[in-house]
Amino acid sequence: MTERSIQEPTLLLLTALADAPRHGYALIQEIAVISGGRVRMRAGTLYGALDRLLGQGLIRVESDEVVDGRARRTYALSDSGRAVLAAEAERLRAVAAEAERRLAVVRPRLNGAFA
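Everything numeric in this text was worked out from a predicted model, so none of it was measured.

Some words on the nonpolar core
Counting residues in hydrophobic clusters, the biggest one holds 21 residues, and the most contacted among them are Leu13, Leu14, Leu27, Ile31, Leu50 and Ile59. Sorting the residues of this core by element identifies helix H1 (8-17), helix H2 (24-34), helix H3 (43-55), strand E3 (70-77) and helix H4 (79-104) as the ones contributing at least two each. Per-element accounting of this core gives the leading share, six residues, to H1.

Encoded structure:
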């Protein structure tokens, strides 16, 4: 991936795979948990993103199995995906720290307005 930030759905997907391999439905549930229910990824969006991330080498297929007569593919974070996620987490930490620093700055009042 390039040096630019990754989009939130990608960030959530990689984060959901960071601690354990998961199949599609489990990923949808985990993304909802991680986002505090703010993001509810639809199956079509999920599988399109998974195909893209597979193509980019950020995730890999951990296993393919049949459960109750249905195919179930389990995905895992690749080493490359782990590196991208770690770099994005560090970038977000740095931005958040700077935002907090700037919010904490007390500016003197001049004529009733902030300078």
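Further notes follow.
Focus on the side chain of Ser35
Tracing the chain through its elements places Ser35 in the loop between H2 and H3. For Ser35, a relative accessible area of 10% corresponds to the buried category. At 3.3 Å, the side chain of Ser35 and the backbone oxygen of Ala32 are in polar contact.

Quick notes on the pairing of strand E2 (residues 59-67)
In this sheet, E3 lies alongside E2 in antiparallel orientation, the contact comprising eight bridges. Of the residues in E3, the one forming a bridge with Asp64 is Arg73. Between E2 and E3, which follow one another and run antiparallel, lie two residues, and Asp68 among them has a positive phi close to 55 degrees.

So, unusual backbone geometry
Its identity is not glycine, yet Asp68 carries a phi of approximately 55 degrees, on the positive side. Locating Asp68 in the fold gives a position in the loop between E2 and E3.

Quick notes on the pattern of salt bridges
Within this structure, the stated rule accounts for nine salt bridges. Residues Arg22 and Asp19 are paired through a salt bridge, measuring 2.8 Å at the closest nitrogen-oxygen approach. Accessibility expressed as a relative area gives 14% for Arg22, which makes it buried. The exposed category is assigned to Asp19, whose relative accessible area is 59%. A salt bridge links Arg60 to Glu62; its shortest N-O distance comes to 2.5 Å. Judged by its relative accessible area of 39%, Glu62 falls in the partly exposed class.

Criteria and cut-off values
Residues numbered from 1 in each chain as written. Predicted model: local features only at pLDDT ≥ 70, side-chain atom pairs only at ≥ 80, totals over all residues. Heavy atoms only, no water. Core = buried A, V, L, I, M, F, W, Y, C linked by side-chain atoms within 4.5 Å. Buried < 20%, exposed > 50% of the residue type's maximum accessible area, 1.4 Å probe, protein only. Helix = DSSP H or I, 4+ residues; strand = E, 2+ residues; numbered from the N terminus. Polar contact = N/O pair within 3.5 Å; in protein donor to acceptor, adjacent residues only side chain to side chain. Pairing = 2+ DSSP bridges. Salt bridge = Lys/Arg side-chain N within 4 Å of Asp/Glu carboxyl O.

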